[in-house]
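Spelled out from the first residue to the last, the chains are:
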Amino acid sequence: MVIGGTSGIGLACVELFAACAGEVWAVSRNPQRALSALSRFGNVRTAAADATDSEALGRLVATIGPCDHAVVSIAGGAHLGPFPEFGDAELDRTIDGKLRPYVHAARAALSVLKPAGSLTLVTGMSARRATPGAASLALVNGALESLVLTLAVECAPRRVNAVSPGTTATSAWDRLPEPARRALFDGAAARTPLGRIAAPIDVARAIFALTRTTFVTGVVVPCDGGTHLP
Ligand SMILES: NC(=O)c1ccc[n+]([C@@H]2O[C@H](COP(=O)([O-])OP(=O)(O)OC[C@H]3O[C@@H](n4cnc5c(N)ncnc54)[C@H](OP(=O)(O)O)[C@@H]3O)[C@@H](O)[C@H]2O)c1
């Protein structure tokens, strides 16, 4: 089950899991947007829920039932800009856009996860690398990466991990005008030892690998082409 599975990194996870594994669920507010991409898979099912609504998400996930692996890859609400502009409204949007939905999604997923199952949260390199202009993302991703440690112990034997992507070419960046987006992608590629930014499938492969590493829990795996290196 991929919550946030109809676009970007989550959609790439659904496609990879569908090609390699059994039944896959893609959950988001508006799953219709992914129907054409997912129609070629006979083993993918979609469902609509807004992860800001804890009760609605919990009810939906309960109907999906026992689950081997869950991935949370929800994007929303990030404020990009200098910290003095990060006011109370932006703080609320940040919490409601990513932190609260992730907590709701983790709680719902853990309620149906099989004992040998895994939960993987998609966080972001802003948690551990200074990223001027991305204080909102640093705040949320740092909180989620801390949560992973405690959940991994509290929820064992179910495994809980995170994958921390660097800049990834997804539609989350469509809100920037094309020249600004291009400059951001080019700058990020230039700072990346592997010389390019990630494609969603790069991150999906790291997530898929974590579902198969049966003795790994409580880790945050950077998937950033080496950007985290000093
Ligand atoms: N792209 C990057 O450069 C990058 C870098 C580092 C970390 N990340 C992290 O990776 C994660 C995924 O990002 P992405 O770039 O793949 O984003 P994306 O392409 O915009 O996909 C986001 C997914 O989340 C779903 N979603 C958003 N709000 C939701 C809600 N309230 N309830 C349920 N589903 C919701 C969206 O579908 P609906 O709109 O239909 O709900 C969509 O399926 C995010 O947490 C982001 O912070 C991304």
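Residues numbered from 1 in each chain as written. Predicted model: local features only at pLDDT ≥ 70, side-chain atom pairs only at ≥ 80, totals over all residues.

Participant: Where do I start with the site of the ligand in this structure?
Facilitator: Around the ligand lies a shell of 28 residues, among which Gly-4, Gly-8, Ser-28, Arg-29 and Gly-124 are the nearest. Breaking the shell around the ligand down by element, the ones donating at least two residues are α1 (8-20) and α4 (88-112). In terms of residue count, α1 provides more of the shell around the ligand than any other element does, three residues in total. Counted by class, the shell around the ligand contains eight nonpolar, 16 polar and four charged residues. (Near = placed C-beta within 6 Å. Helix = DSSP H or I, 4+ residues; strand = E, 2+ residues; numbered from the N terminus. Nonpolar A, V, L, I, M, F, W, Y, C, P; charged D, E, K, R; others polar.)

Participant: So what exactly am I meant to see when it comes to the pairing of strand β2 (residues 24-28) here?
Facilitator: The side chains of a regular strand alternate, residue by residue, between the two faces of the sheet. Here β2 lies mainly inside the structure; five of its five residues are buried. Every second residue of β2 is oriented toward a common face, with Val-24, Ala-26 and Ser-28 on one face and Trp-25 and Val-27 on the other, all of them buried. Two strands pair when backbone bridges link them, and strand β1 (residues 2-3) and β2 are joined in this way by two bridges, in the parallel orientation. Pairing of Ile-3 across the sheet is with Val-27, part of β2. With respect to chirality, the unit in which β1 leads through α1 into the neighbouring parallel β2 is right-handed. (Buried ≥ 20, exposed ≤ 12 C-beta atoms within 10 Å, placed from the backbone. Pairing = 2+ DSSP bridges. Right-handed = clockwise from strand over helix to strand, strands pointing away.)

Participant: Sorry if this is basic, but what is going on with the sheet that holds strand β3 (residues 44-48) here?
Facilitator: Strand pairing in a sheet relies on backbone hydrogen bonds, with the paired strands running either antiparallel or parallel. With parallel pairing, seven strands are arranged side by side in an open sheet as β3-β2-β1-β4-β5-β6-β7. In this open sheet, the two edge strands, each paired with only one partner strand, are β3 and β7 (220-223). Contacting β1, β4 (67-72) and β5 (113-122), α4 crosses the sheet at an angle of about 165° to β5. (Contact = placed C-beta atoms within 7 Å. Axes fitted to C-alpha atoms, helices over the stretch in contact; angles between N-to-C directions.)

Participant: Teacher, can you tell me more about the nonpolar core here?
Facilitator: Ranked by size, the top nonpolar core spans 55 residues in total, and within it Val-72, Ala-105 and Ala-109 carry the most contacts. It is helix α5 (residues 135-154) that provides the largest number of residues to this core, a total of seven residues. Beyond its immediate sequence surroundings of up to four residues, Ala-105 is in contact with Ile-3, Ala-51, Leu-57, Val-72 and Ile-74. (Core = buried A, V, L, I, M, F, W, Y, C linked by C-beta atoms within 7 Å.)

Participant: Looking at this structure, I do not really get helix α7 (residues 200-212). What am I missing?
Facilitator: Helical geometry: 3.6 residues make up each α-helical turn, so side chains three or four residues apart lie on a common side. With 13 residues, α7 should cover 18 Å at 1.5 Å per step; its first-to-last C-alpha distance of 19 Å lies within 8% of that length. Within α7, burial applies to Pro-200, Asp-202, Val-203, Ala-204, Ala-206, Ile-207, Phe-208, Leu-210 and Thr-211. Packing partners of the buried residues in α7 comprise α1, β4, β5, β6 (159-165) and β7. (Expected span 1.5 Å × (residues − 1).)

Participant: Any chance you could explain the environment of Leu-210 here in plain terms?
Facilitator: By the element assignment, Leu-210 lies in helix α7. Sequence-wise, Leu-210 and Leu-119 are 91 residues apart; in three dimensions their C-alpha atoms are separated by 9.2 Å. In this structure Leu-210 touches Ser-118, Thr-120, Asn-161, Val-163, Val-216 and Val-221, once residues within four positions along its chain are discounted.

Participant: Quick question: what am I supposed to make of unusual backbone geometry here?
Facilitator: Glycine aside, residues mostly have negative phi angles, and peptide bonds mostly take the trans form. Between Ala-156 and Pro-157 the backbone carries a cis peptide bond, its omega angle lying at 10°. Here Pro-157 shows up in the loop between α5 and β6.

Participant: Would you mind going over the environment of Leu-229 with me for this structure?
Facilitator: Within the secondary structure, Leu-229 is located in the segment after β7. Among the residues examined, Leu-229 registers 10 C-beta atoms within 10 Å and is labelled exposed. As a C-alpha pair, Leu-229 and Arg-129 span 100 residues in sequence and 9.4 Å in three-dimensional space.

Participant: Help me understand the packing of helix α3 (residues 54-64) against α4 in this model?
Facilitator: Axis separation between α3 and α4 bottoms out at 9 Å; the angle between their running directions is 25°. One way to sum up the angle between α3 and α4 is to call them roughly parallel. When you trace α3 past α4, the crossing you get is right-handed. Contacts between α3 and α4 involve Ser-54, Leu-57, Gly-58, Val-61, Ala-62 and Ile-64 on the former and, on the latter, His-104, Ala-105, Ala-108, Ala-109, Ser-111 and Val-112. Residue classes in the contact of α3 with α4 are distributed as eight nonpolar, four polar and no charged. (Parallel < 35°, antiparallel > 145°, perpendicular 65-115°, else oblique. Left-handed = near helix turned anticlockwise from the far one by under 90°.)

Participant: What is the right way to read the packing of α1 against α7 from this model?
Facilitator: The N-to-C vectors of α1 and α7 enclose an angle of 60°; their axes lie 8 Å apart at closest approach. With respect to α7, the axis of α1 lies oblique. The interaxial crossing formed by α1 with α7 has right-handed handedness. Contacts between α1 and α7 involve Gly-8, Ile-9, Leu-11, Ala-12, Cys-13, Leu-16 and Phe-17 on the former and, on the latter, Pro-200, Ile-201, Val-203, Ala-204, Arg-205, Ile-207 and Phe-208. Along the lines of polarity and charge, the residues of the contact of α1 with α7 split into 12 nonpolar, one polar and one charged.

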